[in-house]
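The residues making up each chain are set out below.
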Amino acid sequence: SAAPSAAPAPASSRAPESLSASSRPTVVKVPAARASAKPVATRTPAAKPAAKVPAVQPLQGLPAVQKAPSSAVARKAVAGALSVVGSPHFSDARLVRDAWRHAGGGTLPSTRVQLVAKARPVPLADARVGDLVVYGSPAHHVALYRGHGYMVAASASYGKVVVRRVFQAPLVRLFRLPG
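All figures in this text were calculated on a predicted structure; none of them were measured in a lab.

Draft legend 1. Expanded view of the packing of helix 1 (residues 72-82) against helix 2 (residues 92-102). Viewed as axis vectors pointing N to C, helix 1 and helix 2 meet at an angle of 125°, and their least axial separation amounts to 8 Å. In terms of orientation, helix 1 lies oblique with respect to helix 2. Helix-helix and strand crossings are classified by hand; for helix 1 and helix 2 the assignment is right-handed. Contacts between helix 1 and helix 2 pair Val-73, Ala-74, Ala-77 and Ala-81 from the former with Leu-95, Ala-99 and Trp-100 from the latter. Here the contact of helix 1 with helix 2 is built from residues that sort into 7 nonpolar, no polar and no charged.

Set out below in structure tokens:
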């Protein structure tokens, strides 16, 4: 059996040009004892391993299907918040406030604590799209509930507006804003 040829691979088997040099497949030569086997494509490890993100548990108790419809303002506010996903220009309170105002819900207070004071508490089982998700006491982080266990949030750790699971935390609550 012959060793693998040094000729260039056909165009259909080449690595896409968009791959970086550190992630392109490399061909591993097979030892002589296993010469009948074909070369195996492997990925070379990246220069720096990605930071390990801690696993977070989804918040239990949120309904799979909400029991009552959300207000038109609440639905529009969530749609507005979703329209700026990826933007680095929002704090959590500003995202909620701007989305609510643009949806026709009027002007909300500008701080997290004032937002919570303006809203009424809601049991997890009664969650609706547009509810205010609040972490900490009195309020360390706020977001808008998107439904199905997800929220739209201006994340300080990601530095942008993201959609992510409503996660289990020592103190997480839901509130319904007026409108």
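And the narrative resumes.
Draft legend 2. Structural context of unusual backbone geometry. Here the amide bond leading from Ser-137 into Pro-138 is cis, since omega sits at 0°, within 30 degrees of zero. Among the structural elements, Pro-138 can be located in the loop between strand 4 (132-135) and strand 5 (141-147). Positioned with a positive phi, His-148 is a non-glycine residue whose angle comes to about 55°. You can see His-148 is positioned in the loop between strand 5 and strand 6 (150-155).

Rules and cut-offs
Residues numbered from 1 in each chain as written. Predicted model: local features only at pLDDT ≥ 70, side-chain atom pairs only at ≥ 80, totals over all residues. Heavy atoms only, no water. Axes fitted to C-alpha atoms, helices over the stretch in contact; angles between N-to-C directions. Helix = DSSP H or I, 4+ residues; strand = E, 2+ residues; numbered from the N terminus. Parallel < 35°, antiparallel > 145°, perpendicular 65-115°, else oblique. Left-handed = near helix turned anticlockwise from the far one by under 90°. Contact = heavy atoms within 4.5 Å. Nonpolar A, V, L, I, M, F, W, Y, C, P; charged D, E, K, R; others polar.

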